Each structure stands twice: as C-alpha cells, then as structure tokens.
Amino acid sequence: MSTDAVAEIKARLDILDVVGDHVSLHRSGTQHIGLCPFHAEKTPSFSVSQQRQAFYCHGCHEGGDIFTFVQKIEGVDFSRALELLAERAGVELERSPRAAARGAGRRRSLELNDRAARYYEYVLWSLPAGEPGRRLLAERAVDPALARRFRVGFAPAGGPAGSALVRYLTGKGGALPAEVADAGLASRGRDLFRNRVVFPIADERGQVIGFGGRALGDAPPKYLNTPETGVYHKSIALFGLDQARQALRERRQAVVVEGYFDVLAAHAAGVDGVVASSGTVLTRDQVRILARHADQVVLCFDGDAAGRRAAGTAVDLCAAEKLPARIAVMPAGFKDPDEMVRSDPPAFAALIGGAAPEWRVLVEWAIGDAGADVDERRAAAERVVDVLVRIPEATTRDLYVQEAARRLELAAPALAADVAKARAPGTRGPVRLSAPPPPPAAGIEALGAGLEEGDVGHPPPSWEELLAAFAVQRPALARVLVDEMGLDLDELASPAVRRLLEAALAVPPGSELFVDGLGPGDRRLAAQLQTRDVPELGPDPLVLERAMADCVQRVRGADRRGRYRRDIRDILAGPDPDRDENVAARHRRLLEEERNPPG
Ligand SMILES: [Zn+2]
C-alpha cells in the first residue's frame, strides 16, 4: 500500500460525498448526522465530521475514515476499497503487476458490458432485427420509458455465425475476442446471448456487470445469465439494486421478487425499492447486501410450490442475518407480480403494503387446509413444528406456538414440548452416543476469561480520552505532550489510548493519522474521538495548553493512586518479609496518601 496514494485520495475526496451515496445526512452543529447504514435504527446516531473526515455511530460503535466506510458498506477488503476510491478520485495506484492486470481486466469487462448494453438497446429500439424484442415487451405491457430506464435491450440472432455482438465489439480496432469472452459476452467466438431480450444487471453504482437474457417463446433455456466473470458474481448480483437505491434510502424497505419482468412491473405499480436475485435462488450474500440497504424485506415470490419453497429459504436467510421479513402472498389466479400488475397495479401496491410477518405466513402455509380429521391435523402439526423450530427468538416462537395450537385445536404446552424436543441437539440426524457439548453460555464465559483487562468494557478515564482526542485530531500534539509536558505513556491506564498516542507519535509532521490502519477496536475509538467536538482545540492556544497540562497531571495522579492501591492490596494479602517497614504503619500511611495525594 502506498501511503501517498491514501493521502492523495483523502485530499481529493470528501467523506460527505462518499457517505452521502449511502446515507442521507443533515447538518447538526459541526457534524452531519443520519441513520446508520450498519445497524437498524429509527433515530439517527450516525455522525460524520467533515472537518475530521471521519464517521462514528453512537449506536453500534462502527467508525473510521472513507476507507473503513467503503470496506464496510461494499463488503470489500482494504485493497479493493483503495481501488474503488482511487478510481473515484482519479488517482493512479502503483501496484503489483498481477493486481494491476486484474484491475485492468475488470475495467475492460465493465467497459465491454456497457458497450454491449448500448448495442442491445440500439438493436431493440432502432433496428428491424429488434422487432421480436419490441413485440415481447408489448405483449408483457412493459412501458417503453421504463424499459429504457432499465436499459433493456435485444440480442439479435447474429447471422449464421451467431456473432453479431462479437463482430461489433471487435471491429475497427476494438476489443480482442478473448476480452469479449472474459467479459462473459461470448463463448467460442459466438455471442452468448442470441435472440433474447436482455436485462443489464448493474452493481450498486449502476455499472453494468452482466446480463439476464429472456428467450423468445419457449426456446430453452428460458433464462440465461452471464457466467461468473471478474465483475459478475451471481451470488451477490441483485437486479434492480441500482434503480432501487433512492427508494431504499428513503424507506429502508426492500421488496424481493423472482424475475426481471417482476422488477419492472413493480416499478410500474409504483413499488420502487425492488430487486430480484438474478438467475438463482436468493443467497446469504444477497441478503447481507439487502440488510445494508434496508431494515426490512418483503418477499414476493411466485404463487406456486416452488415460490413457496423459495420464500421459506429466504426467510431462514433473513433470520440468520437478523433482517425482519414479511411475505406478500400472491392471490389465487395470479402467477407472479408481473401478471398481477398487468391486471391491477394498485392491488399489487396494496399487496406489498399489507404483507404479513414471515413466520405467520409460513405457519399458515404449514397448517394448510387441515380440517377436523385427526390424521390431517397430525400431519399439519408436524409441518408446523418444522416451521416453529426455525424461529430464532424464543418470544416470537412462543407466540406462534400459541397461535398454531389454537388453529389446530391442540394444547399449546403439548405443541411447545414437540418444538422443544425438535430443537434439542441430537434429535436430527444420527443418534448421538457421546455427551452433548456444553451449553454455549459456558463457552462464552471461558472466552471472556481470556480477554485482556483494559481492552474490553473498560472505557478510558475522561482525561485520557481527551488526550487521545487531541492526538487523533492533531497528531503533532502527541509530540508536545510527550517531549514538552512530560507525559509518560506507560502511566496511561487505557492500553487503547496508549496505542493511539503511539500511532500519533509515528505520524510524520504535517500528516494526518491513518485511522483505517489501526486495529478494529482502536479504529472505532479513534473515529469516535475524531467526530467529537473538542472545544479545547478552538482558537485560543492558552486554553488548549492548560487542558493538555491538566490531563497530563491527572494521568500522573491516577497512576500514583493506582500504585498505592496495588501496594495496599499486596500488604493486605500478607506480610512481605522483604519490607523492613512495620506493615500496619505503612498501611496507614498509604491510606492517608490515597485520601490526600501529595503534589
Ligand atoms: Zn450503527
């Protein structure tokens, strides 16, 4: 990593712009505040300091600089965050030849995908070859303006060689055939998408990373997707996310549908925070991405058995990510959202608005139409138990146990007992012969015992925090504290504050502290201190000097008191033959000094 590049990027970019892409911020005093994108909240506790170029959340304690923010929000590592921000800032990165080649390949793929999207659009709207695509869109009643917004296009048959796009992209000194293949657009010289309506799939920033292609008629496969490439990863790609971002920011609710046409239909019905997992069932990674943009999802899948199964799986994924979900159940007579919107747009918006909590729907489906028949009710009870065991929170589970028992006319304790039995370890899978593992609580305690004192759960004393705030906001002050005011870092009670001051001492004159280079706990503390208003750092140097001297004084006093306390503990623990002083007299003197410290 080049620190020059980091400094250059920081100089060119403003954290308000970088964060503002994901969080709507408003000014409050010297800070900008908004709803934290890293945890669900209703009142803003996420604050950004433009002056310090740092962010900190008082709710979940996440914090750092633009590099930290991009890593967290995009789910990438530091080097990728550096690349993304360098690109945004227009800064060239010096890198290893292999990384450089990979970056160049990725940029080339993005460029070719974008050119392909433009080509497909041109064919759809302007060429006779696009007629079948225009007809399909008209049949599906897709508004042309909406189709243009999503950059829908048409991939022509491409002549006898099936290579219209390849010829277009490689012609006139354009791309190499290998580059077109790497971008996922061709295979063995032939266009991947032929005779299909194509939906560009974009990343969160709106760059086309791949396509989903819908066949005309029933030619198999009905849907075809870009294969895995350097830029397209189907397990994280979400169709419509770029178009949904504004709505997600405003409402924090994401609607998940199954198909490309469903996404367009939802927009046509005025439901715009909508995405589709492209060409796969929803994945855990996709749910993770949704959890960054929304506090709740509404699952609106096809009304068939496959759609119900997909909804059930999605509910489990959301539960694993602690993302509350609702299920909008397609009314009888409609196959999917697209069909419903074509017949009644307002009814679709109402369906989404009235979606029921996920577990209620799953329990309802499990009960089905079990009547009074004993065998039917027993089978339904078994299906219900299978659902209830998946509910992570005990209170929610208990509520649904009560409800299901009432519906099935069973005694709630009996149903609860079945659920408890099914949840017990070892009841699923092979019979366990050895003793069950200890309950997790014991494991956590054992872990806690190994934690270093002072690192967790011990906030630094207020004066040490203030010292650390001086040092992270103005690293040059660390030198003054140590060289001129005689601060001894070993006297600091908080190891985190000591590390921050050491980091500040290492900052070259005129530079800023590189917060993202710190360990996670230290980074959060540094970010918290950077986004804090420190009046002592105002225009009056005398105020600052007095505050610094006062803090140094307190560190010394506290350190001495700490030493006395340790001495007293030692003495109380038993007489020390090496000490020549009378134990009781020494004890008295120390207690006296503890009350009235000298100096
Ligand atoms: Zn937060």
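Residues numbered from 1 in each chain as written. Predicted model: local features only at pLDDT ≥ 70, side-chain atom pairs only at ≥ 80, totals over all residues.

### Looking at the overall build of the chain
Filter applied, for reference: By the criteria applied, helices consist of DSSP H or I runs no shorter than four residues and strands consist of E runs no shorter than two, each listed in order from the N terminus. Partly exposed residues are those whose C-beta has more than 12 but fewer than 20 other C-beta atoms within 10 Å; 20 or more makes a residue buried and 12 or fewer makes it exposed, with C-beta atoms placed from the backbone.
Of regular secondary structure, the chain possesses 26 helices and 17 strands. By the burial criterion, 38% of the 599 residues in the chain qualify as buried.

### A word on the sheet that holds strand S10 (residues 208-215)
Worth spelling out the cut-off: When DSSP finds two or more bridges between a pair of strands, those strands are recorded as paired. The angle between two axes is taken between their N-to-C directions and runs from 0 to 180 degrees, where each axis is a line fitted to C-alpha atoms and a helix contributes only its stretch in contact.
Across the sheet, which stays open at both edges, the four strands sit in the order S6-S9-S10-S11 with antiparallel pairing between neighbours. Looking at the sheet topology across the chains shown, the edges are occupied by strand S6 (153-155) and strand S11 (223-225). Averaged over all pairs of adjacent strands, the angle between their axes in this sheet comes to 35 degrees, without regard to strand direction. Sheet topology note: the S10/S11 ladder contains three bridges and is antiparallel. When the bridges of S11 are listed, Gly213 appears paired with Leu224.

### What to know about helix H4 (residues 78-89)
Defined as follows: Here, expected helix span is obtained from the residue count minus one, scaled by 1.5 Å. Each C-beta atom gives one direction from the helix axis, and the arc is the one those directions make.
Taking 1.5 Å as the rise per residue, H4 with twelve residues should run 16 Å; its terminal C-alpha atoms sit 16 Å apart, in good agreement. Taken together, the buried positions of H4 are Ala81, Leu82, Leu85 and Ala86. Buried positions in H4, seen along its axis, are confined to an arc of 130 degrees and lie on one side of it. Just downstream of H4 lies Gly90, where phi reads positive at about 70 degrees.

### Structural notes on the sheet that holds strand S5 (residues 63-64)
Strand order in this open sheet of five strands is S1-S2-S3-S4-S5, and the pairing throughout is antiparallel. Looking along the sheet, the strands with just one partner apiece sit at the ends: strand S1 (26-28) and S5. Here S1 pairs with strand S2 (residues 31-34) via three bridges, running antiparallel. Along S2, the bridge assignment pairs Arg27 with His32.

### Quick look at the packing of helix H17 (residues 374-388) against helix H18 (residues 394-408)
To characterise two packed helices, one gives the angle between the axes of the helices and the distance between these axes. We apply this condition: Orientation is classified from the angle alone, with under 35 degrees giving roughly parallel, over 145 giving roughly antiparallel, 65 to 115 giving roughly perpendicular, and any other angle giving oblique. We call two residues in contact whenever the C-beta atoms placed from their backbones are within 7 Å. Think of it as three bins: nonpolar holds Ala, Val, Leu, Ile, Met, Phe, Trp, Tyr, Cys and Pro, charged holds Asp, Glu, Lys and Arg, and polar takes everything else, Gly as well.
Axis separation between H17 and H18 bottoms out at 11 Å; the angle between their running directions is 170 degrees. One finds that H17 runs roughly antiparallel with respect to H18. Together, Arg377, Ala380, Ala381, Val384 and Leu388 of H17 and Arg397, Tyr400, Val401, Ala404 and Leu408 of H18 make up the contact between the two elements. For the contact of H17 with H18, the residue count by class is eight nonpolar, no polar and two charged.

### A few points about the nonpolar core
The nonpolar side chains of a soluble globular protein tend to be buried with one another. Here is the rule we go by: By definition, a nonpolar core groups buried Ala, Val, Leu, Ile, Met, Phe, Trp, Tyr and Cys residues that connect through C-beta atoms lying within 7 Å of each other.
Residues Val255, Val256, Val275, Val297 and Leu299 are the most contacted members of the largest nonpolar core, which totals 100 residues. Beyond its immediate stretch of four places on either side in the chain, Val275 contacts Leu238, Phe239, Gly240, Leu241, Ala244, Ala254, Val256 and Val263. Ranked by size, the runner-up nonpolar core spans 56 residues in total, among them Phe46, Ile66, Phe67 and Ala469.

### Here's the deal with the environment of Ala478
Position of Ala478 among the secondary structure elements: in helix H22 (residues 476-484). Among the residues examined, Ala478 registers 25 C-beta atoms within 10 Å and is labelled buried. In sequence terms Ala478 and Ala506 are 28 residues apart; their C-alpha atoms lie 9.4 Å from each other. With sequence-adjacent residues up to four places away left out, Ala478 is seen in contact with Ala471, Leu501, Ala504 and Leu505.

### Description of the confidence of the model for the chain
Put simply, the rule is: Per-residue confidence from the predictor is reported as pLDDT, a score between 0 and 100.
Mean pLDDT over the chain stands at 85; residues scoring 70 or higher make up 88%. Here residues 428-457 is modelled with pLDDT under 50, and outside its nearest four sequence neighbours on either side it reaches ten contacts, counting other chains as well.

### A look at the pairing of strand S3 (residues 46-49)
Alternating residues of S3 divide into Phe46 and Val48 and Ser47 and Ser49, and every residue in both groups is buried. In this structure, S2 lies alongside S3, joined through three bridges in antiparallel fashion. Across the sheet, residue Gly34 finds its bridge partner in S3, namely Phe46. Relative to strand S4 (residues 54-57), S3 runs antiparallel, the two being bridged by four bridges.

### With respect to the packing of helix H23 (residues 495-505) against helix H24 (residues 520-530)
In the contact formed by H23 and H24, the axes pass within 10 Å of each other and the chain directions differ by 80 degrees. Between H23 and H24, the crossing angle belongs to the class labelled roughly perpendicular. For the pair H23 and H24, the contacting residues are Ala496, Arg499 and Leu500 in the first and Gly521, Asp522, Leu525 and Ala526 in the second. Across the contact of H23 with H24, the residue classes tally to four nonpolar, one polar and two charged.

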